Amino acid sequence: MELDEDSPSDWDEDDELLDVSSFGVAKWQRNERNDSRNDGSSTSRRRRDVFHDILSMDSSSQYDDFHTIDWVRDIQKYRNQRKDVLKAKKDSRKALIYSYLYRGAGWLVISLVGLATGFCAGIIDIGASWMSDIKLGICVNAFWLNQEECCWVQNNTAFGEEGCSEWYTWSEVFGHSTIDAGSYILNYIFFVMLSVIMAFLAVIFVRAFAPYACGSGIPEIKTILSGFIIRGYFGAWTLVIKSITMVLAVASGLSLGKEGPLVHVACCCGNLFAYLFPKYHQNEAKKREILSAASAAGVSVAFGAPIGGVLFSLEEVSYYFPLKTLWRSFFCALVAASVLRWINPFGTDHLVMFYVEYNTPWSFYELVPFSVLGILGGLYGVLFIKLNLWWCNYRKSSNLKRHPVLEVVVLALITAIISYPNPYTRQSSSRLIATLFKECGPEDDIDLCDYKRNFTRVDQSIYPTAEAGPGVTNALWQLSLALVVKAALTVFTFGIKVPAGLFIPSIAVGAIAGRIAGVVMEQVAFNNPSWFDSCSATGKCVTAGLYAMVGAAACLGGVTRMTVSLVVIMFELTGGLVYIVPLMVAVVISKWVGDAFTKGGIYDGHIELNDYPYLDSKREFIHNTLAADVMRPRRGSPELTTFTQDNMTVEDIEMLVSETTFNAFPVVVSKESKRLVGLVYRKELVQALKKSRNKYNAVSQSKVCFTNEMPLHPSPDSPSPINLLYIVDQSPFQVTDQTPANTVVEIFSKLGLRTCLVTQNGTLHGIITKKDVLGHIGALESIHPESMLFQ
């Protein structure tokens, strides 16, 4: 029976794309069909050729591509290796130095990961900001500066298209100095043209050089951290191309963010540095500790939230998170944030992206509108998840799947055409969020701050609530349109073949809704001051920017279903620690509302949509089934494929390995008794047979023993038997056939098992793999279990 494979009768030729080791089996099966009229000797020769093809494949890694790892075996392997290293340090000074390097390798790796992640994030932030502004104009005397920096370096520090003489719009570059219809159309054309060019370059680079660089990466990261192998997903090319195309995709104006992709970039850095140390390179379970710390660093530089990054790694992406990993994640996030602060990509000397300073405390009665924002955020999350998954499923089953470049270009064209007329969609999402979070002051001349106030001092700390002017009314209409546009475009954008994060678009949608609600509450308080007792003291009782912050948290919580980490990220993102209670209220209510309609957030939905083998340890299994219902073989299926301990030859084993794609074979005493001896893994078996043939001159008729009791030679001329007991796992995890299935699910999810044998009184009955568990859950929940993307 297999470990992580379908049975031979269920094999599909498409599996050749998933696993290199199945190529030989596929070739053998095709030859078997095409040459069925050939004699038996040819068939036997073909089988030997296939087996030698398998032997010649790269065996430096313990696991193949699209396979799951065995956490228990890898952790035990690390403990044994660590014990040997510490034991050998007394033998020589070289061994002593190596032991210190071995023990300190983890801190060295995460330090390098933090440094690399901080530098990558700084470069990406600077590049995205500059290229976003290039669509609007150029700094004539220093083209490498974005619009804000261009205006800072001149003596006149006024900022804006009209107040900054060093910044030229594209119409001014071509001689149209007056603001008229001609200059507007010319700027419009350049905005659309540059947006489409950037999006086109992004999708071309991804498609040509690194297909794994597309998307957010978080669903795949969650799956990989749960023990799945995807070779190349964290490769060097993926790191380079994702960094470049992330800048292009964000600058193109598509409704996406760079925060999720930054987590992928950080994991790429972690994977590359882990290759420098055999302790992590040769142990997939230990490597995932580095990747968990890298995930924390990715969120740390994405939002300037190191503590939130650690909690995000713990709550959202990590599968195995011991206390040691918690400390290392904290340190990695600290290093990455410190490097980003040194680079100072935003030019504000603040680590946080949207720093705010509110001087008005919130009132208890405001928990009611905050709760309403939480409800709306939860409903938005449900609607977004359903629509986005529907669209992504349609994309997979339609002609759009064959034309990813055209889809991105058309979407960028539509986005640019719709976005330019509205000033709130024309600017980048990050700047829009900063505008919505900010409280209006006397220096702000935008429509959103057009209040009928009389300022006695420019530097006064509290500006009383005032009547909204016509500019505020106009801004509310524009924000309402921006809300619809952002929400609709994000549905179609998340999942396209460019780096596309979800955090910033979701925060932008929530911030728009929250700012509208804040302005409405502000005017209600102004027109009815007697309703609010707190207004009498200062004349200021509602902070509109706070509502934007709460709405942003509610929407992001509804989409992702994050809780603790989201609240921490939000107050680190804005510096608004005083307002943590409103954030908690909105996030909790948003999650409650979302969970009432759908299970899991958008990342869980994409994991199921792509049929990734992710066994969620947080999801409860409530069905009353037994291990006998999960195990294979099932009723009517072929008998379990096993090895006997002392009566098989090298040729017999080679034939079984060549004819099957199983990754583990139980070893029994005999076919009749089926008393369990242990479990032997395919890759170790192949290498042991190769070693026996090359080093010990084993032949096809040599007996293979999985026991210490070697059989006697029947004659002096018979070949010597070989003993492979050293590769047998003599203590495989076992359950009885009457074990409740919920216990089996708990065992696989908590221990990270790859396989489990089913026995009764020492007699082998069947085998359960991670795929069998996922298939059983999928069958009970009406998911297609045979479409799981792994071997």
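Residues numbered from 1 in each chain as written. Predicted model: local features only at pLDDT ≥ 70, side-chain atom pairs only at ≥ 80, totals over all residues. Heavy atoms only, no water.

An unreviewed UniProt entry annotates the chain as Chloride channel protein originating from Holothuria leucospilota. For the chain, the Sequence similarities (unreviewed entry) comment in UniProt is given as "Belongs to the chloride channel (TC 2.A.49) family." (UniProt positions renumbered as here; feature names shortened; annotations may be inferred.)

Attention shifts here to the pattern of salt bridges. On inspection of all chains with the given rule, the structure shows 18 salt bridges. K222 is the salt-bridge partner of E316, the closest N and O atoms lying 3.7 Å from each other. Note that E316 is positioned in helix 13 (residues 306-317) and K222 in helix 8 (residues 218-225), a separation of 94 residues in sequence. On the basis of relative accessibility, which here comes to 7%, the residue E316 falls in the buried class. By relative accessible area, K222 is classed as buried at 2%. One salt bridge connects K222 with D604, and the closest N-O pair in it is separated by 3.0 Å. Of the two residues, K222 sits in helix 8 while D604 sits in helix 25 (residues 602-609), which places them 382 residues apart along the sequence. An identical accessibility class is assigned to K222 and D604; each is buried. Three or more residues are tied together by salt bridges with common partners; here these are R231, E284, K287 and R288. (Salt bridge = Lys/Arg side-chain N within 4 Å of Asp/Glu carboxyl O. Helix = DSSP H or I, 4+ residues; strand = E, 2+ residues; numbered from the N terminus. Buried < 20%, exposed > 50% of the residue type's maximum accessible area, 1.4 Å probe, protein only.)

Our next topic: the sheet that holds strand 11 (residues 755-760). Taken together, three strands build an open sheet; the order of strands is 10-11-12 and the sheet is mixed. If you trace the sheet from one side to the other, it starts and ends with strand 10 (734-736) and strand 12 (763-769), each paired once. Sheet twist, expressed as the average angle between the axes of neighbouring strands with direction ignored, equals 35 degrees. Bridging between strand 11 and strand 12 involves six bridges; their strand directions are antiparallel. When the sheet's bridge partners are listed, C756 is paired in strand 12 with I768. Across the face of the sheet, helix 29 (residues 741-751) comes into contact with strand 10, strand 11 and strand 12 while running at roughly 60 degrees to strand 12. (Pairing = 2+ DSSP bridges. Axes fitted to C-alpha atoms, helices over the stretch in contact; angles between N-to-C directions. Contact = heavy atoms within 4.5 Å.)

The tally for this structure, following the rule as stated, stands at one disulfide. Of all cysteine sulfurs in the structure, the one in C269 sits closest to C120, which takes part in no disulfide; the separation is 4.3 Å. (Disulfide = S-S within 2.5 Å.)

Before going further, it helps to examine the sheet that holds strand 3 (residues 643-644). In space, the four strands of this open sheet follow the order 3-5-6-9, with mixed pairing throughout. Edge positions in the sheet fall to strand 3 and strand 9 (728-729), since each of these pairs with one other strand and no more. Pairing between strand 5 (residues 664-668) and strand 6 (residues 676-681): five bridges, direction antiparallel. Residue pairing for strand 6: P666 is matched across the bridge by L679.

A separate point is the pairing of strand 12. Counting buried positions along strand 12 gives five out of seven residues, so the element sits mostly inside the fold. From the end of strand 11 to the start of strand 12, which pair antiparallel, there are two residues, and N761 there has a positive phi angle of about 55 degrees.

Moving on to the pairing of strand 11. By the criterion of burial, strand 11 is predominantly enclosed, with five of the six residues buried. Both strand 10 and strand 11 contribute to a ladder of three bridges, which runs parallel. If you follow T736 over to strand 11, its bridge partner there is T759. Between strand 10 and its parallel partner strand 11, the chain crosses via helix 29, and the hand of that crossover is right-handed. (Right-handed = clockwise from strand over helix to strand, strands pointing away.)

Turning to helix 20 (residues 503-527), a few remarks are in order. The first and last C-alpha atoms of helix 20 sit 36 Å apart over 25 residues, in line with the 36 Å expected at 1.5 Å per residue. Summarising burial for helix 20: 19 of the 25 residues are buried, a large majority. (Expected span 1.5 Å × (residues − 1).)

Peptide bonds are trans in most cases, and residues, glycine excluded, mostly fall at negative phi. The step from R632 to P633 runs through a cis peptide bond, and the omega angle for that step is 0 degrees. Along the chain, P633 turns up in the loop between helix 26 (627-630) and strand 3. With a phi angle near 60 degrees, F66 is a residue other than glycine that sits in the positive phi range. With respect to the helices and strands, the residue F66 is situated in the loop between helix 2 (40-55) and helix 3 (71-88). We note that R561 has phi near 65 degrees; this positive angle belongs to a residue other than glycine. Here R561 lies in the loop between helix 22 (544-560) and helix 23 (564-574). Looking at R561, the relative accessible area reads 6%, which means it is buried.

Moving on to the environment of D611. Relative to the helices and strands, D611 is located in the loop between helix 25 and helix 26. A sequence separation of 167 residues divides D611 from G778, and the C-alpha atoms of the two residues are 10.0 Å apart.

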